[in-house]
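Now for the letters of each chain:
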Amino acid sequence: MDKEDDVTMTAQIADEYKVSGKKYEIIAMSAPVTFDPSDYGFHPTAPHTACWRGYWCDYKVTSKQLMLDKLHIYCGDDCYPVFRGVTPQNDPVGGGSMKLYKGLNQLVDYDGSLVLGRGFINRYYIHMGFQRAWAYEEVKELVFEHGMVVRTVDHSDFVAALREQIDHDPKFMNDLQDNIIKFVHDSFSLDAKTKAWWI
């Protein structure tokens, strides 16, 4: 792999979800979350190789409703409009080049399931795309209908068993990585069929 390939496959900054006051990262989803900044007049572009889409979001689940709480975004030299009555500020997390909109409280009308992880285990880090489910101590699935949580499933025991298999059988991980093209594609995917196949 040459240097250019290594740069383009940087691990991506994931959307964050706060559930019951705890922060989780997105692992997989059965359908894309419908929020897209371009629908609101933004023109995001990549500020660096860890954020190819030009933005990431912080969501929260309040009273079982999925809400957009914060938007971290980079639009190059483009303007940053007032959004939902919020004027952007410099984003301390975005390396100084991004803008932050916070306190948005926008309901997200989402149908599908989100698989979320908490308690990242550094030894399972991969330097490309989004991290795998077994890299988190706690994994839960939230099923939504019209933005409302209708079911929660804890998958932590399942991913703990996967970790045990990975740790005790190197061939298991080697089999996953044998087809490098598929492995790279899967790393950049958030499709539940790829990242949470057991559901």
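Cut-off values and rules
- Residues numbered from 1 in each chain as written.
- Predicted model: local features only at pLDDT ≥ 70, side-chain atom pairs only at ≥ 80, totals over all residues.
- Heavy atoms only, no water.
- Helix = DSSP H or I, 4+ residues; strand = E, 2+ residues; numbered from the N terminus.
- Buried < 20%, exposed > 50% of the residue type's maximum accessible area, 1.4 Å probe, protein only.
- Areas by Shrake-Rupley, 256 points an atom, 1.4 Å probe, with all protein chains shown as cover.
- Phe/Tyr/Trp six-rings, centres within 6.5 Å; stacked < 30°, edge-to-face > 60°.
- Contact = heavy atoms within 4.5 Å.
- Polar contact = N/O pair within 3.5 Å; in protein donor to acceptor, adjacent residues only side chain to side chain.
- pLDDT = per-residue confidence, 0-100.
- Core = buried A, V, L, I, M, F, W, Y, C linked by side-chain atoms within 4.5 Å.
- Pairing = 2+ DSSP bridges.

Focus: the overall build of the protein
- Looking only at helices and strands, the protein has five helices and nine strands in total.
- Scanning the protein from its N terminus toward the C terminus, one meets helices and strands in the order α-β-β-β-β-β-β-β-β-β-α-α-α-α.
- Within the protein, the proportion of its 199 residues that are buried is 45%.
- Accessible area for the protein stands at about 10600 Å²; split by element, carbon and sulfur atoms hold 50% of it.

A look at the packing of aromatic side chains
- Within this structure, the stated rule accounts for nine aromatic pairs.
- Centroid distance F35 to F83: 6.2 Å. Interplanar angle 35°. Geometry classified as tilted. Residue F35 is located in the loop between β2 (22-29) and β3 (55-62), and its partner F83 is located in the loop between β4 (65-73) and β5 (89-90); the two are separated by 48 residues in the primary sequence.
- Judged by relative accessible area, which is 7%, F35 ranks as buried.
- Classification of F83 as buried rests on a relative accessible area of 5%.
- Consider the rings of F42 and F83, whose centres lie 5.6 Å apart with planes at 90°: the pair is edge-to-face.

Digging into the side chain of D69
- Tracing the chain through its elements places D69 in strand β4.
- In this structure D69 touches D58, Y59, K60, Y101, K102, G103, L104 and N105, once residues within four positions along its chain are discounted.

Observations regarding unusual backbone geometry
- Its identity is not glycine, yet S63 carries a phi of approximately 50°, on the positive side.
- Looking at where S63 falls in the secondary structure, it is placed in the loop between β3 and β4.
- One non-glycine residue with positive phi stands out, namely H146, at about 50°.
- Of note, H146 is situated in the loop between β8 (136-145) and β9 (148-154).
- Judged by relative accessible area, which is 56%, H146 ranks as exposed.

A word on the environment of Y40
- In this structure, Y40 sits in the loop between β2 and β3.
- Residue classification places Y40 among the partly exposed positions, given a relative accessible area of 38%.
- For Y40 and R84, which are 44 residues apart along the polypeptide, the C-alpha to C-alpha distance reads 9.8 Å.
- A polar side-chain atom of Y40 sits 2.9 Å from a polar atom in the side chain of Q106.

Section: the confidence of the model for the protein
- Overall, the predicted model of the protein reaches an average pLDDT of 81, with 78% of residues at or above 70.
- No element of the protein has a lower mean pLDDT than helix α1 (residues 3-8), which averages 42, and none a higher one than β4, which averages 96.
- In this model residues 1-7 is a low-confidence stretch, pLDDT under 50, and it forms four contacts with partners more than four residues away in sequence or in other chains.

Some thoughts on the nonpolar core
- Y17, Y59, L66, L71, Y101 and L114 are the most contacted members of the largest nonpolar core, which has 30 residues in total.
- Secondary-structure elements contributing two or more residues to this core are β1 (16-19), β2, β3, β4, β6 (99-107), β7 (112-120) and β8.
- Look past the residues within four positions of L114 in its chain and what remains in contact with it is Y17, I26, A28, M29, V33, L66, K140, E141, L142 and F144.
- Counting residues in each nonpolar core, the second largest holds 15 residues, with A28, A135, V159 and A192 among its members.

A few points about the pairing of β4
- Most of β4 is tucked away: seven of the nine residues are buried.
- Note that β3 and β4 share eight bridges and pair antiparallel. Bridged to K60 within β4 is M67.
- The antiparallel pairing of β3 with β4 creates a hairpin that spans two residues between the two strands, and S63 there sits at a positive phi of about 50°.
- Two elements, β4 and β6, share six bridges in a ladder whose sense is antiparallel. Directly across from H72, in β6, lies its bridge partner L100.

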